[in-house]
Amino acid sequence: MRVRDLVRAMESIAPPALAESWDRVGLHVGHANADLTGAILLTIDLTEAVVEEAVAAKASAVVAYHPPIWQPISRLTGSTRTQRVVMSLLEHGIAVYSPHTALDAAGGGVTDWLCEGLSGVPNVHEAGDCRALSPHEDHEPPRVKIVTFVPEDHAEQVRNAMATAGAGLIGDYRVCSFASPGVGTFLGGEGTNPAVGEAGRLERVQELRLEMIADASAAALVCDTLRRFHPYEEPAIDLIPLTPEPRRAVGAGRRLVLDTPATAHELAERLRGHLDKSRLKFALPEGVSTEHKITTVGVCPGAGGELAAAARAEGCELFVTGEMKHHEVLAAMDNGMGVLLAGHTNTERGYLPRLADRLRGELVGVEVMVCERDMDPLTYV
């Protein structure tokens, strides 16, 4: 096994395309061709204490949920914690990969794991209807639908020509098209030589509306080829831009509709047990008691304040996350939505054993460990 195998495994579990645009996911330290001769250590934060544990364990790589390198490093002198961490990792040949928001958004990732605990049926996050608050849109090359109108007896010729130029590709299928019949009309002006009928007379022709999809980069070639094989002097051509298809099950945050409504108190107890944490904070809108039955819950690990408005717009009665700013909590309450806060890394750290199991399945024979010195930097007094 090599570092590139770890990268492949992590990208399979948490595809980088799912990460937020501002994030820093991917391989942070190390060479992709380096050997994985030791264990892989999983952590939320890559602190100096975690690096010491990795060195003592003779680890080959660390998967750090939070990106250890956030701002560009202009020098390596050991004057900052980040510099000392990076220098030590390089000195001991330890690679670092960070999945962060890609792991939040992925199916079976951190957010779905939180939903499991809230649903009351751990290990089965589908214990209620669960979908992304912000569904991911695949950032594939822009695509267009190319539409033309052709006499029925020439449709096969035009379809095949467009396919040779790159149209009609959908996944592993080729020459994909749709045709619907109709009547086309045209009146050729002076000097025209229509393929059907005569110039100066309104003609009606049985035609097929022929539609095929193509990458936007291939549209010019497809249109040029279409014109060369179309029987008309001036074929009608429509280019319709296509928006990316949203994926309901992956993306930022979750909207969880519980099979059985539960009170805020019950949901807090479920979350407390799921995270193995004794201290939670919640706030409810004025006039709503802790015994009010809740059906729809918004969920986001870490700092989810930016998704609170989206959760409320989706009908969520309670928003569960790690931390929110004071004014964000007040805004949620003013909008009639309660808030349940469990601490930033508390909503993330409990997922690491799950990630360890998944990596063991991807990297058979490689030891995967959950860091023991990784902990919430904040303590209660």
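Our structure is the block above this text.
A brief structural summary. Everything quoted here is computed from the prediction, not taken from an experiment. (Residues numbered from 1 in each chain as written. Predicted model: local features only at pLDDT ≥ 70, side-chain atom pairs only at ≥ 80, totals over all residues. Heavy atoms only, no water.)

### Quick word on the side chain of Arg131
- Assignment of secondary structure puts Arg131 in strand 5 (residues 128-137).
- At 2.6 Å, the side chain of Arg131 and the side chain of Glu314 are in polar contact. (Helix = DSSP H or I, 4+ residues; strand = E, 2+ residues; numbered from the N terminus. Polar contact = N/O pair within 3.5 Å; in protein donor to acceptor, adjacent residues only side chain to side chain.)

### Topic: the packing of aromatic side chains
- Following the criterion strictly, the structure yields 3 aromatic pairs and no others.
- Ring centres of Trp22 and Trp70 lie 6.1 Å apart, and the angle between their planes is 55°; this geometry places the pair in the tilted category. One end of the pair, Trp22, is in the loop between helix 1 (3-13) and strand 1 (26-29); the other, Trp70, is in the loop between strand 3 (61-64) and helix 3 (81-91), and 48 residues separate them in sequence.
- The class for Trp22 is partly exposed, based on a relative accessible area of 40%.
- A residue is classified by how much of its surface remains accessible, and Trp70, at 32% relative accessible area, is partly exposed.
- Here the basic side chain of Arg24 rests over the ring of Trp70, its NZ or CZ set 4.7 Å away from the ring centre. (Phe/Tyr/Trp six-rings, centres within 6.5 Å; stacked < 30°, edge-to-face > 60°. Buried < 20%, exposed > 50% of the residue type's maximum accessible area, 1.4 Å probe, protein only. Lys NZ or Arg CZ within 6 Å of the ring centre and 35° of its normal.)

### Quick look at the sheet that holds strand 3
- If you trace the 5 strands from one edge of the open sheet to the other, you get 1-4-3-2-15, paired in mixed fashion. What marks the edges here is a single partner per strand, and that holds for strand 1 and strand 15 (368-370). Strand after strand, the sheet turns through a mean of 25° between neighbouring axes, direction not considered.
- Of the pairings in the sheet, the one linking strand 1 to strand 4 (residues 95-98) comprises 3 bridges and is antiparallel in character. Across the sheet, Gly26 pairs through a bridge with Ser98, a residue of strand 4.
- Contacts between helix 1 and the sheet are confined to strand 1, strand 2 (40-43), strand 3 and strand 4, with strand 4 contributing the most and set at about 10° to the helix. (Pairing = 2+ DSSP bridges. Axes fitted to C-alpha atoms, helices over the stretch in contact; angles between N-to-C directions. Contact = heavy atoms within 4.5 Å.)

### Describing unusual backbone geometry
- Of note in this structure, Lys58 is not a glycine but carries a positive phi near 55°.
- Mapped onto the elements, Lys58 comes out in the loop between helix 2 (48-56) and strand 3.

### Details of the pattern of salt bridges
- Under the criterion given, the structure shown has 19 salt bridges.
- Ionic pairing is found between Lys145 and Glu211, a salt bridge with its closest N-O pair at 3.3 Å. You can see Lys145 sitting in strand 6 (residues 143-151) and its partner Glu211 sitting in strand 8 (residues 202-215), a full 66 residues away along the chain.
- Here Glu211 falls in the buried class, since its relative accessible area comes to 14%. (Salt bridge = Lys/Arg side-chain N within 4 Å of Asp/Glu carboxyl O.)

### Remarks on the pairing of strand 3
- Burial along strand 3 is two-sided: the face carrying Ala61 and Val63 and the face carrying Val62 and Ala64 are both buried.
- By the bridge criterion, 4 bridges tie strand 2 to strand 3 in an arrangement that is parallel. Bridge assignment links Leu42 to a residue of strand 3, and that residue is Val63.
- For the handedness criterion, the β-α-β arrangement of strand 2, helix 2 and strand 3 is classed as right-handed.
- Following the backbone out of strand 3, through helix 3 and into the adjacent parallel strand 4, one traces a crossover that is right-handed. (Right-handed = clockwise from strand over helix to strand, strands pointing away.)

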